[in-house]
Structure formats: C-alpha cells, structure tokens
Amino acid sequence: MRIPIIAGNWKMNMTIKEGIEFIGKIKPSVKGTDVEVLICAPYVMLKDLVEAAKGSNVKIGAENMHYEEKGAFTGEISPLMLKEIDVDYVILGHSERRQYYNETDETVNKKLVKALEFKISPIVCVGETLDQREGDLTKDVCKVQIEGAFNNINQDDVEKIVIAYEPIWAIGTGKTATSEEANEVIMYIRNVIKGLYDEETSEKVRIQYGGSVKPSNVEEIMNESDIDGALVGGASLKADSFVELVNF
Ligand code: PEP
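Reading guide: rules and limits
Residues numbered from 1 in each chain as written. Predicted model: local features only at pLDDT ≥ 70, side-chain atom pairs only at ≥ 80, totals over all residues. Helix = DSSP H or I, 4+ residues; strand = E, 2+ residues; numbered from the N terminus. Rg over C-alpha atoms; globule rule 2.2 N^0.38 Å. Buried ≥ 20, exposed ≤ 12 C-beta atoms within 10 Å, placed from the backbone. Contact = placed C-beta atoms within 7 Å. Near = placed C-beta within 6 Å. Nonpolar A, V, L, I, M, F, W, Y, C, P; charged D, E, K, R; others polar. Pairing = 2+ DSSP bridges. Axes fitted to C-alpha atoms, helices over the stretch in contact; angles between N-to-C directions. Expected span 1.5 Å × (residues − 1). Arc of directions from axis to C-beta. Core = buried A, V, L, I, M, F, W, Y, C linked by C-beta atoms within 7 Å. UniProt positions renumbered as here; feature names shortened; annotations may be inferred.

**Q** Describe the overall build of the chain, naming the residues involved and giving the relevant values.
**A** For the chain, the helix and strand inventory stands at twelve helices and eight strands. For the chain, whose C-alpha radius of gyration is 17 Å, the value lies close to the compact-globule estimate of 18 Å for 248 residues. In the chain, buried positions account for 43% of the 248 residues. Intrachain contacts of the chain at a sequence separation of at least 6 include 71% that bridge at least 24 residues.

Printed below as a string of structure tokens:
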C-alpha cells in the first residue's frame, strides 16, 4: 500500500511570518486526511515551520540542499544542518534548479546519497521540456534522469525515495498533462525502477505528479492507478486551496 503524498513547494514566495500563519491555519483542517501532508519551504523559515507544525500531521521539507556535510561552499546548506532542525523531506533536482543552477543528474545523485545517509526523505524530480515532449522524447528523458539519480542506490533504500514526475511545460503555466498521460509516464518510470531493481521494489516507490495541479483537477489526477500524490507550486500558496488539495 503506497500512502499518497501531497506536497507544497513554496519556492521563493512566502515570508517567515506568512509561512507560520499558513501552518497554523491548515493544521486543524488537514488532520483527518489519509494522505501524507508536506510543505517544502525556503531555508530561512524551516526551523520556525518545524516548530509551528509540531504535534500535527504536517511535515516540513527543504527545497534543495548541498551534497557535502560541511566545507567551503559559501551560501550553501548541508544535510547535517537540515537534520539538526528536524526537517523531514528535501526536494532534489527540481527543474528550476536544473535550469538556473546547473543541477545535473550527477549532483542529484550525490544529494540523494547524502539525504538517505542523513535520513531525510528525498523527493527526486524528473520531467521533460516542451521540445523534448514534441520530439517524442519524454520517456527517454525520464529514463536517463532516473538512472542518473539512482546510480549506486541500494535496493533497501529505494522505497524511502519519492519521485515527482513534473513535465516542465506544465509547471506554473496552467497547462497540465491529462491525468491519463501523466499516469502513462509514471507507469513507465515505475517500469524503469523495476528494470534497475525488481517488481516488488518498483511497486513500493511513490511517484507524484506535478505541474499546475489545483483543487479543480486534483481528484482526477489522484484517481489514476499509479499516481501517488502531487507536488504543487502555485496552488500551495493559499491555505484554503492547499487544504482543498489535501482533502480532495
Ligand atoms: C512545481 O514547481 O513543482 C510545480 C508543480 O509548480 P505549479 O504547481 O505551480 O505548476
């Protein structure tokens, strides 16, 4: 049984004050849900959000981290630092990090190894650009990204990893893949995991869809056989809309 996970990705959008208020607002309204509830937020507010979420079923994650524990990496944040403040999750390889900050499959892999070592649950993002989709390369791109990220990852660790399939052309654009299209790619990704490990392992991995998920389309997406949740940007910024997503 894979427990679905609905995760917000606030990106660079909330102040600390707004973030704390948001957590206070959603806590009572999401406590009855069967899905795992997660908010991923900028580093500066993580400690406050962990505190604000205490005693509730709301988990807190980072949007990125470095792959080294410590060292001369000005401006970076390490897994050791995230662990110290009890962060539950970390997003790795989001397309915006790949596009603007030179994130590669190799650095995603290094970060994945470290997140697992520090017992921070990773969400690994994969997905194709519009050009790649139009060139019928969606599956090839996802395969390369998954194989790169999972390089030398032990079979026992695979079920601790969440994958987010996020077609880049659907992020923040209002365009979504149809739920059938998303499910087809997600089934394919599960098959790639099966090829790398085995069927039992592939059936345990949770694979989310991300890309303009909102209250009006979440149910359809979540009803698909292989979609185990959503990674949500824009619609996670308002408490009411996030609560609707979680209680779809
Ligand atoms: C995202 O950034 O991961 C995302 C899916 O954004 P949005 O929901 O705004 O498309």
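**Q** Any chance you could break down the site of the ligand for me, citing the residues and the numbers?
**A** Near the ligand there are 13 residues, and of these Ile171, Gly172, Gly210, Gly233 and Gly234 occur at the shortest range. The class makeup of the residues in the shell around the ligand is five nonpolar, seven polar and one charged.

**Q** Hey, could you go over unusual backbone geometry for me, with residue numbers and the actual values?
**A** At aspartate 136, a residue that is not glycine, the phi angle is positive and equals roughly 60 degrees. Tracing the backbone through its elements, the reader meets aspartate 136 in the loop between helix 6 (130-134) and helix 7 (138-149). Looking at aspartate 136, the number of C-beta atoms within 10 Å reads 9, which means it is exposed. Phi at asparagine 152 is positive, roughly 60 degrees, even though this residue is not glycine. Looking at the secondary structure, you find asparagine 152 in the loop between helix 7 and helix 8 (155-158). Residue asparagine 152 is classed as exposed on the basis of its C-beta count, with 7 C-beta atoms lying within 10 Å.

**Q** Run through the sheet that holds strand 7 (residues 206-210), naming residues and quoting values.
**A** The eight strands lie next to each other as 1-2-3-4-5-6-7-8, forming a closed barrel whose pairing is parallel. Strand-to-strand twist of the sheet, defined as the mean angle between neighbouring strand axes without regard to direction, takes the value 25 degrees. Note that strand 5 (residues 121-126) and strand 6 (residues 162-165) share four bridges and pair parallel. In the sheet register, isoleucine 123 faces strand 6, and the bridge partner there is valine 162. Along the sheet, helix 1 (residues 16-30) contacts strand 2 (36-41) and strand 3 (58-62); its crossing angle with strand 3, the most-contacted strand, is approximately 145 degrees.

**Q** Go over helix 7 with me, naming the residues and quoting the values.
**A** Its twelve residues place the ends of helix 7 17 Å apart at the C-alpha level, agreeing with the 16 Å of an ideal helix rising 1.5 Å per residue. For helix 7, the full list of buried residues reads Thr138, Cys142, Gln145, Ile146 and Ala149. Buried residues in helix 7, looked at end-on, bunch into an arc of 95 degrees, giving them a common side. Buried residues along helix 7 sit against helix 5 (105-117), strand 5, helix 6, strand 6 and helix 9 (179-196).

**Q** Help me get a handle on the environment of methionine 222, residues and values and all.
**A** With respect to the helices and strands, methionine 222 occurs in helix 11 (residues 218-222). Looking at methionine 222, the number of C-beta atoms within 10 Å reads 19, which means it is partly exposed. As for methionine 222 and isoleucine 6, which are separated by 216 residues in sequence, their C-alpha atoms are 9.9 Å apart. Not counting chain neighbours up to four residues away, the residues in contact with methionine 222 comprise Pro4, Ile227 and Phe248.

**Q** Give a description of the nonpolar core that names residues and reports values.
**A** In terms of nonpolar packing, the biggest core is built from 71 residues, with Val90, Ile123, Val124, Ile163, Tyr165 and Ile189 touching the most fellow members. The biggest single contributor to this core is helix 9, with six residues. Setting aside anything within four residues of it in sequence, one finds valine 90 in contact with Gly61, Ala62, Met65, Leu82, Ala115, Ile120 and Pro122.

**Q** A description of the UniProt feature "binding site: substrate" (unreviewed entry) in the chain should follow, citing residues and the corresponding values.
**A** As recorded in UniProt, the sites labelled "binding site: substrate" (unreviewed entry) are Asn9, Trp10, Lys11, Gly172, Ser212, Gly233 and Gly234. Spanning 226 residues, the annotated positions come together in the fold, the maximum distance between their C-alpha atoms being 14.2 Å. If you trace the backbone, lysine 11 turns up in the loop between strand 1 (5-9) and helix 1. Ignoring sequence-local partners within four residues, the contact set of lysine 11 consists of Glu63 and Gly233. Tracing the backbone through its elements, the reader meets glycine 234 in the loop between strand 8 (229-232) and helix 12 (239-246). Classification of glycine 234 as partly exposed rests on a count of 18 C-beta atoms within 10 Å.

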